[in-house]
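Chains, contacts and geometry: an overview
What follows is each chain in one-letter form.
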Amino acid sequence: MKRDVNELTKEQVEAILGNRVHRVSTHSDADGISAAVLFTLAWQVESVKFPEEFGDVQNGDTVLDMLPIDSSFSGIIIDHHIPKNEYPNAEYLHGQEPASLLVFKLSKDRIPKDSWWKVVPGCVGDGYEEAVPPEVWMSCKELVYGQANAYSRGPEFSLYPRPLFEKLSPALNAFARTGHAEAGYRVLLQARTPKEFLQHSLVEEYKKALSNEEKRILEEYPVQEVGPILYWEINT
């Protein structure tokens, strides 16, 4: 049955998500990872996995930020993508916002307030910075503290202050895009503050790995200009 997340009562949410142990399958991007972390903080979770193929899940799974390939899927879906199927056998909780925000709305009263900030990388990663609830910003003012970014122009460097929250999604996506979404999930789950997450040694490690892979692609597969057409063949 398809239901709008914003129309569910607390009693309905508890009836669907409570009193059960969840096997979570989630999308391997910032939104999917954030959604899984928030869900784990709120409900009983046995395992979290990141399928290689979008929607490749098993009956009985709780699926976040993905739509199952099989239209006969039986389980729970919390997602915002445009569906191709009706999923008549599933509890399908749908909304227009990123999955991390849908999970936050469904689970807010169960998520410790000092972890509300973990919805931010999911929302910002999907381009929905403006959808982050005001109470999230107020609960963690560290999110909007300035961080100095250095830019070089010839021999000179300039510093531009940027809010810390802008760094969260790229850091989390670095885990996902280098094939380490599970590590990103663990680091975000355990981080007590945004700064602690960003200062974790694995964040820098996988950001460097991603940067090196991007440089390799650009060097090995240069763009070819064929008249007005740009042709670029890559292997990653």
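Owing to the predicted nature of the structure, the values given are computational and were not obtained by experimental measurement.

On to the overall build of the chain. Across its full length, the chain carries 9 helices and 10 strands. For the chain, the residues scored as buried account for 44% of the 236 residues in total. Pairs at least 24 apart in sequence give 51% of the contacts found in the chain among residues at least 6 apart. Of the roughly 13,000 Å² of accessible surface on the chain, a fraction of 49% belongs to carbon and sulfur atoms.

Quick look at the packing of aromatic side chains now. Per the counting criterion, the structure on display carries 5 aromatic pairs. Measuring from centroid to centroid gives 5.7 Å for F104 and W116, while their planes differ by 90 degrees, and the two rings are edge-to-face. Here the residue F104 occupies a position in helix α3 (residues 99-107), and W116 occupies one in the loop between α3 and α4 (120-125), the gap between them amounting to 12 residues.

This paragraph deals with unusual backbone geometry. A positive phi angle, close to 55 degrees, is found at N19, a residue other than glycine. Looking at the element boundaries, N19 is found in the loop between α1 (10-17) and β2 (22-26). Judged by its relative accessible area of 82%, N19 is exposed. Unusually for a residue other than glycine, Y87 sits at a positive phi of about 50 degrees. Locating Y87 in the fold gives a position in the loop between β5 (76-79) and β6 (91-94).

In summary, the side chains of a regular strand alternate between the two faces of the sheet. Here strand β1 (residues 2-4) pairs with β6 via 3 bridges, running parallel. In the sheet register, R3 faces β6, and the bridge partner there is L93. Relative to β6, β5 runs parallel, the two sharing 4 bridges. Among the inter-strand pairings, D79 is bridged to a residue of β6, identified as H94.

For the structure shown, the criterion picks out 10 salt bridges. Note that R23 and D61 form a salt bridge whose closest N and O atoms lie 2.9 Å from each other. Here R23, found in strand β2, pairs with D61, found in the loop between β3 (45-49) and β4 (62-64); they are 38 residues apart in sequence, far enough to count as distant. For D61, a relative accessible area of 0% translates into the label buried. Each of R23, K49 and D61 takes part in one network of salt bridges that share partners.

Right, let's talk about the sheet that holds β4 for a bit. The strand order across the open sheet formed by 6 strands is β1-β6-β5-β4-β2-β3, and the pairing between neighbours is parallel. Each end of this open sheet is capped by a strand with a single partner; those strands are β1 and β3. Between one strand axis and the next, the sheet turns by 20 degrees as a mean value, whatever way the strands run.

The subject of this paragraph is the pairing of β5. The alternating pattern of β5 places I76 and I78 on one face and I77 and D79 on the opposite face, and all of these are buried. In this structure, β4 lies alongside β5, joined through 3 bridges in parallel fashion. Counted as the bridge partner of T62 is I76 from β5.

Among the secondary structure elements, D65 is positioned in the loop between β4 and β5. Buried within the structure, D65 lacks any salt-bridge partner; R177 is the closest side chain of opposite charge, at an N-O distance of 11 Å. A polar contact is formed between the side chain of D65 and the side chain of H80, at a distance of 3.0 Å.

Let us now look at the packing of helix α6 (residues 168-177) against helix α7 (residues 181-190). In the contact formed by α6 and α7, the axes pass within 6 Å of each other and the chain directions differ by 145 degrees. For the pair α6 and α7, contact is made by L172, F175 and A176 and by A181, A183, G184, V187 and L188, respectively.

With 8 of 10 residues buried, α6 is to be regarded as a mostly interior element. Along α6, the residues that are buried comprise L168, S169, A171, L172, N173, A174, F175 and A176. Residues of α6 that are buried in the fold lie against α2 (30-42), α4, α7, α8 (194-198) and α9 (201-220). Phi for G179, located one or two positions after α6, is positive at around 80 degrees.

What counts and how
- Residues numbered from 1 in each chain as written.
- Predicted model: local features only at pLDDT ≥ 70, side-chain atom pairs only at ≥ 80, totals over all residues.
- Heavy atoms only, no water.
- Helix = DSSP H or I, 4+ residues; strand = E, 2+ residues; numbered from the N terminus.
- Buried < 20%, exposed > 50% of the residue type's maximum accessible area, 1.4 Å probe, protein only.
- Contact = heavy atoms within 4.5 Å.
- Areas by Shrake-Rupley, 256 points an atom, 1.4 Å probe, with all protein chains shown as cover.
- Phe/Tyr/Trp six-rings, centres within 6.5 Å; stacked < 30°, edge-to-face > 60°.
- Pairing = 2+ DSSP bridges.
- Salt bridge = Lys/Arg side-chain N within 4 Å of Asp/Glu carboxyl O.
- Axes fitted to C-alpha atoms, helices over the stretch in contact; angles between N-to-C directions.
- Lys, Arg positive; Asp, Glu negative; His and termini not counted.
- Polar contact = N/O pair within 3.5 Å; in protein donor to acceptor, adjacent residues only side chain to side chain.

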